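Listed below, chain by chain, are the residues.
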Amino acid sequence: MSEAQLYAEKLAQAQALLGPGDLWLIAARETLERPEPGLALVSGADLTWDAFFLVTRDAATAIVGRFDAPGLEPTWRVLPYDEDYAELLRAEVAALDPGRVLLDYASDNPLLDGLSYGMYLELRSVLPDLAFESAAGFLGRLRSVKTSAEQRRIKAAVDRAEEHLHELSQLIRPGWSEAQAAEHLHRKLRAEGLEPAWGWKGCPNVSFARMPSHAGATGAVLEPGMLIHTDYGVRLEGYCSDLQRVYYWPEPGRGVPGELEAAFRTVRAAIDAAGEALRPGVKGYEVDAAARRVVTAAGYPEYKYATGHSLGRATHDGGTLLGPRWPRYGQIPEGVVQEGEVYTLELGVMLEGVGYVGLEEDVVVRAHGAEWLCGRQEQLYVLG
């Protein structure tokens, strides 16, 4: 599917989600410097001048600067302007006569909060008589529920990340540093014209016998008896994967410590419990609780992060969080899981002196429950 077809499919999905009388109004400028996450779902245009996209159930109009107009997809009715857009915007909104005007702002999710304060003030000035509402509910559904084309791209990104990690596992040896392992994956990305799913500094996150952090790989050197943990994803055709894997390099003549085997079984069982709980209609915190119970019942400390997040154009792609009802997560774990959403399922336990036993799998929600997009890690990978 071409890029234009992908955006057309997503725009049609947006129109189907809007109610009668709803107007989704996107306001953006200088998108190369300040991307508008909502706009990026339905158009790949790079905009310099102030631009306004008006989407209803039956219409999709773009008011853009004349020199930006050629970059719009054919799905848009394009109205270019030269000196001023104010009268044009007022006339188009008046013709639509919306019952609700939805703007891209949200207090708890940056991917639903694309409207700058300056553009908000501009809309207030040009359209002073309109009442605005947050588009967060609608936009969260649009972003979270992936079309068939989006799901195929995510699956391709998952497959590529798995290939890279498998190759790394065949090459890594004692004496390698975390940074060397990360650089190997960076070379793979550059050779294939790809990008990491998140920043180059933190992706991949490789850790030997320690708790990982967002700071990424260090100069620590692999020695026998260490656990290797990787957190890695690929951005392919605009969509991301996000996988965690664990490997163990045993000491000569010694096998895998029993405490490590037990920890892996617990983590695996908790991921299974999350997968069993993940189905349309359940709330995010319910999925998290199912996994969290397995870990704490086995006697391990409670992990201090969510069990899973939405995955798509961004690694953390908005929508419902599979997390606990902690104040820092706000209302996001209260969201309801929907068919077609793509999530990570991730958790782990730390064994002092051994390393972090953490797994992360990528799944899509079907009517019957979770469908795994990756080859699941069913057992500890022993190297050497």
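The structure this text deals with has already been given above.
Nothing here was measured: the structure is a model prediction, and the numbers come from that model. (Residues numbered from 1 in each chain as written. Predicted model: local features only at pLDDT ≥ 70, side-chain atom pairs only at ≥ 80, totals over all residues. Heavy atoms only, no water.)

### What about the packing of aromatic side chains?
Alright, step 1. Applying the stated rule across the entire model yields 11 aromatic pairs.
Alright, step 2. On the numbers, 5.6 Å between centres and 35 degrees between planes, the contact of tyrosine 247 with tyrosine 381 is tilted. In this pair, tyrosine 247 is assigned in strand E12 (residues 243-249) and tyrosine 381 in strand E16 (residues 381-382), connecting sequence segments 134 residues apart.
Alright, step 3. Under the relative-accessibility criterion, tyrosine 381 is labelled partly exposed at 29%.
Alright, step 4. Taken together, Trp49, Phe52, Phe67, Tyr81 and Tyr85 form an aromatic cluster joined through their ring pairs.
Alright, step 5. One Lys or Arg, arginine 292, reaches over the ring of tyrosine 303 and ends 4.1 Å from the middle of that ring.
Alright, step 6. One Lys or Arg, arginine 376, reaches over the ring of tryptophan 372 and ends 3.8 Å from the middle of that ring. (Phe/Tyr/Trp six-rings, centres within 6.5 Å; stacked < 30°, edge-to-face > 60°. Helix = DSSP H or I, 4+ residues; strand = E, 2+ residues; numbered from the N terminus. Buried < 20%, exposed > 50% of the residue type's maximum accessible area, 1.4 Å probe, protein only. Lys NZ or Arg CZ within 6 Å of the ring centre and 35° of its normal.)

### A closer look at unusual backbone geometry
The general pattern is negative phi for most residues beyond glycine and trans for most peptide bonds.
Alright, step 1. Residue proline 204 follows cysteine 203 across a cis peptide bond; omega there is 5 degrees.
Alright, step 2. Mapped onto the elements, proline 204 comes out in the loop between strand E7 (195-196) and strand E8 (205-208).
Alright, step 3. A positive phi angle, close to 45 degrees, is found at glutamate 30, a residue other than glycine.
Alright, step 4. In this structure, glutamate 30 sits in the loop between strand E1 (22-28) and helix H2 (37-42).

### Considerations on the side chain of arginine 143
Alright, step 1. Mapped onto the elements of the fold, arginine 143 is located in helix H5 (residues 136-144).
Alright, step 2. Polar side-chain contacts of arginine 143 include one of 3.3 Å to the backbone oxygen of proline 37.
Alright, step 3. Other than its neighbours up to four places away in sequence, arginine 143 contacts Lys10, Pro37, Leu41, Leu111, Arg313, Ala314 and Asp317. (Polar contact = N/O pair within 3.5 Å; in protein donor to acceptor, adjacent residues only side chain to side chain. Contact = heavy atoms within 4.5 Å.)

### Topic: H5
Alright, step 1. Within the span of H5, buried status applies to Phe138, Leu139, Gly140, Leu142, Arg143 and Ser144.
Alright, step 2. At its buried positions, H5 is contacted by helix H1 (3-17), E1, H2, strand E5 (100-103) and strand E13 (342-351).

### Here we look at the sheet that holds E7
Alright, step 1. Taken in spatial order, the three strands line up as E7-E10-E11 in an open sheet, and their pairing is antiparallel. In the strand order of this sheet, the two ends are held by E7 and strand E11 (239-240), each with one partner. (Pairing = 2+ DSSP bridges.)

### Regarding the packing of H1 against helix H6 (residues 148-171)
Alright, step 1. One way to put it is that H1 packs onto H6 with a least axis distance of 9 Å and a crossing angle of 125 degrees. When the interaxial angle is binned, H1 and H6 end up oblique. Seen from H1, the contacting residues are Glu3, Leu6, Glu9, Lys10 and Gln13; seen from H6, they are Ser148, Ala149, Glu150 and Arg153.
Alright, step 2. Here the contact of H1 with H6 is built from residues that sort into two nonpolar, two polar and five charged. (Axes fitted to C-alpha atoms, helices over the stretch in contact; angles between N-to-C directions. Parallel < 35°, antiparallel > 145°, perpendicular 65-115°, else oblique. Nonpolar A, V, L, I, M, F, W, Y, C, P; charged D, E, K, R; others polar.)

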